[in-house]
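Listed below are the residues making up each chain.
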Amino acid sequence: MKEVVVVGGGKIGSMIAELLAGCGGYLVTVADASAQALERLETSAPVSKVRVDITDEAALEGLLAGKFAVLSAAPFNLTVAIARAARVAGAHYLDLTEDVASTRAVKAMAQDARSAFVPQCGLAPGFIGIAAYDLAQRFDELHDVRMGVGALPKFPSNALNYNLTWSTDGLINEYCEPCEAIVGGVRRETQPLEDREEFALDGVLYEAFNTSGGLGTLCETLDGQVRNLSYRTIRYPGHAALMKALLHDLRLRERREVLKDILENALPATLQDVVIVFASVSGLRGGRLMQETYAQKIYGAQIGGRSRSAIQITTAAGICAVLDLLAEGKLPSAGFVRQEDVALADFLANRFGRRYAPTQVADIAA
């Protein structure tokens, strides 16, 4: 039984605690600054709950002392403080952040650390990078790597065609911050909400557009090896245009707290959602131009006697699977660990990773 701390008792943190406590392999403590969040948190297996000010690094270091790992499900702006406390305590560190600056800070902190630092362990960044990198390894020469993920309501009912399914702060951050990409073999920054395209999957029309953070560390890993590399968020058509109006025309990009208040008071949450994962790679294999695609849909389910959304399940399963692989010695035990270091086969064979069972893997001649 390994002792772990989950920081954040919200939608995703509670799901992580449920999976880890329920598997019988971990003793779980959930830490949160909010007494209300801890009071609401219920799991089918017992967990310890600790109220702690996450910005009080001395208190956090004390909580992490002697623990195997800390898993951050806290807002991205707390990432660096939690990682710093993990380094001092010697605990392995895992997070879900999509924030590029925070990940760079974690990477710098991981140098000469005696424990592993594994950021971006969720869905995007996270599993999408594992799947795309696995496809990329099957080619002799890479041309294009395209990645997309969407967490969407099954039954959209408003003009944005969207419901809040995860962190509002994280959502706004990925819609506002610059995006990494490789275009024509050159690393560059692109603008969020741009490069919109439409596609159909299973007869349903979607749009996809640039958002920040979804590539994880793949830009660095594939630099010099691929012509074009991009990540786009998937939504129902019309979403991007309305978000651009809010962020740019109404200048709410400069007033993010106002935008957060608007979204949280106007868009209901839902447990009836679907997660779409799409990765497509093209290039040369055996002298022939080929394309290979990984695509799947994942739906909400009952876990621990409660209805859980697809985004809760996929995000929590991602970080829990990586934690398991770390505990099993299948990942480096010290320093910075990329999502690309996780073997797709190991991930999908894991008790948590199995929730990502693929529905489509196609090999198509281009």
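What you see as residue numbers is a count from 1 along each chain, following the sequence as written. A pLDDT threshold of at least 70 governs which residues receive local features in this predicted model, and a stricter bar of 80 or more applies before side-chain atom pairs are shown or counted, although totals over entire chains, interfaces and linings include all residues. The side-chain numbers reported here are obtained from all heavy atoms of the structure, hydrogens and water having been left aside.

Further remarks concern the packing of aromatic side chains. When the centres of two rings from Phe, Tyr and Trp lie within 6.5 Å, Trp using its six-membered ring, the rings pair. Their planes under 30 degrees apart give stacked, over 60 give edge-to-face, and anything left gives tilted. Inspection of the entire model under this criterion finds nine aromatic pairs. Arranged with centres 5.4 Å apart and planes meeting at 70 degrees, the rings of Phe-347 and Tyr-356 form a pair that is edge-to-face. Assigned by exposure class, Phe-347 and Tyr-356 land together as buried. One aromatic cluster in this structure is built from Phe-127, Tyr-294, Phe-347 and Tyr-356. Two thresholds decide whether a charge sits over a ring: the Lys NZ or Arg CZ must be within 6 Å of the ring centre and within 35 degrees of the ring normal. A cation over a ring is seen here: Lys-2 above Phe-68, with NZ or CZ 4.7 Å from the ring centre. Above the plane of the ring of Phe-139 lies Arg-285, whose end atom (NZ or CZ) is 4.7 Å from the centre. Partly exposed describes any residue whose relative accessible area lies between the buried limit of under 20% and the exposed limit of over 50%, with all areas from a 1.4 Å probe on protein chains only and scaled to the type maximum.

UniProt positions are given in the numbering used here, feature names are shortened, and annotations may be inferred rather than shown by experiment. The UniProt entry lists residues 4-113 under the feature "domain: Saccharopine dehydrogenase NADP binding" (unreviewed entry), expressed in the numbering used here. Helix and strand labels come from DSSP, where a helix needs a run of H or I of at least four residues and a strand needs a run of E of at least two; each type is numbered from the N terminus. Along residues 4-113 the backbone is 45% helical and 21% strand, and the end-to-end C-alpha distance reaches 18 Å.

Method remark: on a 1 Å grid restricted to protein atoms, a set of points is classed as a cavity if a 1.4 Å probe fits but cannot get out and as a pocket if it is open with protein on both sides within 12 Å along at least five of seven lines; lining residues have an atom within 4 Å of a point. Grid points are joined across faces, edges and corners, and a volume is the space filled by probe spheres set on the points. Evaluated as defined, the whole model comprises two cavities of 30 Å³ or more. Put simply, the largest cavity is a space of about 40 Å³. Along its surface, the largest cavity is lined by Cys-179, Glu-180, Thr-211, Ser-212, Gly-213, Gly-214, Leu-215 and Tyr-231. Following the grouping adopted for this structure description, the nonpolar residues are Ala, Val, Leu, Ile, Met, Phe, Trp, Tyr, Cys and Pro, the charged ones are Asp, Glu, Lys and Arg, and the polar ones are all others, Gly among them. Considered class by class, the residues forming the lining of the largest cavity number three nonpolar, four polar and one charged.

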